[in-house]
Amino acid sequence: MVDADIPDYAASEALFFVKGNAAQAQKIARTARVEIIETTYLDELDETMVRARLSPGDTVDAAVARLKAQKGVVSAQPNILYQVLGGSARAKGVGLHGIKLGGKGKVSGTILMIDSPVDTGNAALKGAKITQQIFAENATPSAHGTAIAEILVGTGSSGGVAQGASLISLAAFEPASEKSWLSTSAKLLKASNAAPKYAPQVVNLSFGAKLLDPKLDQMLDVFERKGICVVAAAGNGGGGPVKYPARKATAFAVTAVSGNGKTAYAAASKGPEIDIAAWGVGMLAATPGGWRSVSGTSF
């Protein structure tokens with residue numbers, strides 16, 4: 001899996017955040033010459049997120065600047081685009097890290113993943129404790145989300161590294177093309193706002209973007225204050241810089257190595273932010289309808 005060359009943000013949208021009510025947001029939108037698409041209250045930040053549509057010919061930079069100048073606007077930003085980063089027996093590979101599979105449910109606690117939809121009916125997840133909440137318009141199960149879930153809590157022949165833990169899947173990505181699953185700041189903020197309610201010990205973020213996302217950064221600071229460990233994929237940028245949110249100081253940035261534990265994944269992003277290297281090349285993982293060999297810092 002190699003990162004796709006995608007735009008940094010949605011070309012015809014902007015986000016702004018207010019403390020006031022919907023009427024105030026409407027007034028701000030009219031003055032800034034944008035049209036409100038939706039509003040969402042983010043109780044973890046005590047702010048209302050407003051997703052707005054730009055007029056034809058307008059630019060994101062210009063709209064964000066107008067919104068920032070409006071009285072009552074806490075902040076404004078682009079609606080950043082994110083992508084998911086994502087044939088041998090698994091026991092040998094994870095054994096390199098001192099992990100023994102086949103624990104048959106001995107791991108406790110709660111892991112939360114924000115990713116693409118999981119095929120919860122997959123045979124390799126039968127009996128696993130999975131709760132899924134959808135934040136995307138398209139809830140079609142994906143290979144990426146299903147593989148991540150199976151690697152974590154799978155109950156099949158390979159077994160998940162945390163088999164027995166409860167898994168919360170907050171699905172915020174949807175297909176943009178045959179090979180590309182994308183999300184936005186708006187969808188990820190909705191999902192991350194819901195995350196603390198599930199009281200997870202660990203949050204798995206196998207996605208990334210080039211730009212730092214100011215409001216999502218604030219939400220990850222909430223996770224830090226609540227004692228939630230954030231683990232994020234470094235990215236598959238072919239040696240380019242580590243993606244956000246993995247490069248955030250309070251996140252554990254994970255890169256991938258081959259099954260021998262010595263060879264770095266050729267497409268992995270690189271940088272001083274990397275904290276952990278683990279097997280993620282040529283790993284067999286469950287996907288909707290079967291199995292697939294997967295490689296990437298996600299895995």
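Residues numbered from 1 in each chain as written. Predicted model: local features only at pLDDT ≥ 70, side-chain atom pairs only at ≥ 80, totals over all residues. Heavy atoms only, no water.

Participant: Tell me about the sheet that holds strand S13 (residues 251–257), and name the residues and values.
Facilitator: The strand order across the open sheet formed by 7 strands is S6-S7-S5-S10-S12-S13-S14, and the pairing between neighbours is parallel. At either margin of the open sheet sits one strand with a lone partner, and together these are strand S6 (130–134) and strand S14 (274–279). Neighbour to neighbour, the strand axes of the sheet diverge by 25° on average, direction disregarded. Packing against the sheet, helix H4 (residues 143–153) makes contact with strand S5 (110–115), S6, strand S7 (166–171) and strand S10 (202–205), and its axis sits at approximately 165° to S5. (Pairing = 2+ DSSP bridges. Helix = DSSP H or I, 4+ residues; strand = E, 2+ residues; numbered from the N terminus. Axes fitted to C-alpha atoms, helices over the stretch in contact; angles between N-to-C directions. Contact = heavy atoms within 4.5 Å.)

Participant: Outline H4, listing residues and values.
Facilitator: Of all 11 residues in H4, 10 are buried, a share of seventy percent or more. When we look at burial in H4, the residues that qualify are His144, Gly145, Thr146, Ala147, Ile148, Ala149, Glu150, Ile151, Leu152 and Val153. Regarding H4, its N-cap is Ser142, as a side-chain oxygen of that residue lies 3.3 Å from the backbone nitrogen of His144 further along. (Buried < 20%, exposed > 50% of the residue type's maximum accessible area, 1.4 Å probe, protein only. Polar contact = N/O pair within 3.5 Å; in protein donor to acceptor, adjacent residues only side chain to side chain.)

Participant: Could you give an account of the side chain of Gln163, with specific residues and numbers?
Facilitator: Structurally, Gln163 is set in the loop between H4 and S7. Given a relative accessible area of 10%, Gln163 falls into the buried group. Of the polar contacts made by the side chain of Gln163, one reaches the backbone oxygen of Gly154; its length is 3.2 Å.

Participant: Describe unusual backbone geometry, naming the residues involved and giving the relevant values.
Facilitator: Glycine aside, negative phi is the norm for most residues, and most peptide bonds take the trans geometry. Here the bond from Tyr244 into Pro245 is cis, since omega is 15°, no more than 30 degrees from zero. In this fold, Pro245 is placed in the loop between strand S12 (229–233) and S13. The residue Arg33 is not glycine, and still its phi comes out positive at about 60°. Along the chain, the position of Arg33 falls in the loop between helix H1 (22–32) and strand S2 (34–42).

Participant: I'd love a proper account of the nonpolar core, names of residues and values included.
Facilitator: Among the nonpolar cores identified, the biggest contains 40 residues, and Tyr82, Ile114, Leu170, Phe173, Leu205 and Phe223 are the most heavily contacted of them. In this structure Ile114 touches Leu170, Ala172, Leu188, Ala191, Ser192, Asn204, Leu205, Ser206 and Phe207, once residues within four positions along its chain are discounted. (Core = buried A, V, L, I, M, F, W, Y, C linked by side-chain atoms within 4.5 Å.)

Participant: Please provide a residue-by-residue account of the environment of Gly271, values included.
Facilitator: Counting through the fold element by element, Gly271 comes out in the loop between S13 and S14. Classification of Gly271 by relative accessible area gives partly exposed; the value is 30%. A sequence separation of 37 residues divides Gly271 from Ala234, and the C-alpha atoms of the two residues are 8.9 Å apart.

Participant: Break down the packing of aromatic side chains for me, with residues and values.
Facilitator: A complete count under the given rule lists 2 aromatic pairs for this structure. When the centroid spacing of 5.5 Å and the interplanar angle of 90° are considered together, the rings of Tyr82 and Phe207 count as edge-to-face. In terms of burial, Tyr82 and Phe207 fall into one category: buried. Ring plane angle 45° and centroid distance 5.4 Å describe the contact between Phe173 and Phe207, whose orientation is recorded as tilted. (Phe/Tyr/Trp six-rings, centres within 6.5 Å; stacked < 30°, edge-to-face > 60°.)

Participant: Which residues make up the environment of Leu112, and what values go with them?
Facilitator: Looking at the secondary structure, you find Leu112 in strand S5. For the pair Leu112 and Leu167, spaced 55 residues apart in sequence, the C-alpha separation works out to 5.7 Å. Ignoring any residue separated from it by four or fewer positions in sequence, one finds Leu112 in contact with Ile168, Leu170, Ala195, Tyr198, Pro200, Val202, Val203 and Asn204.

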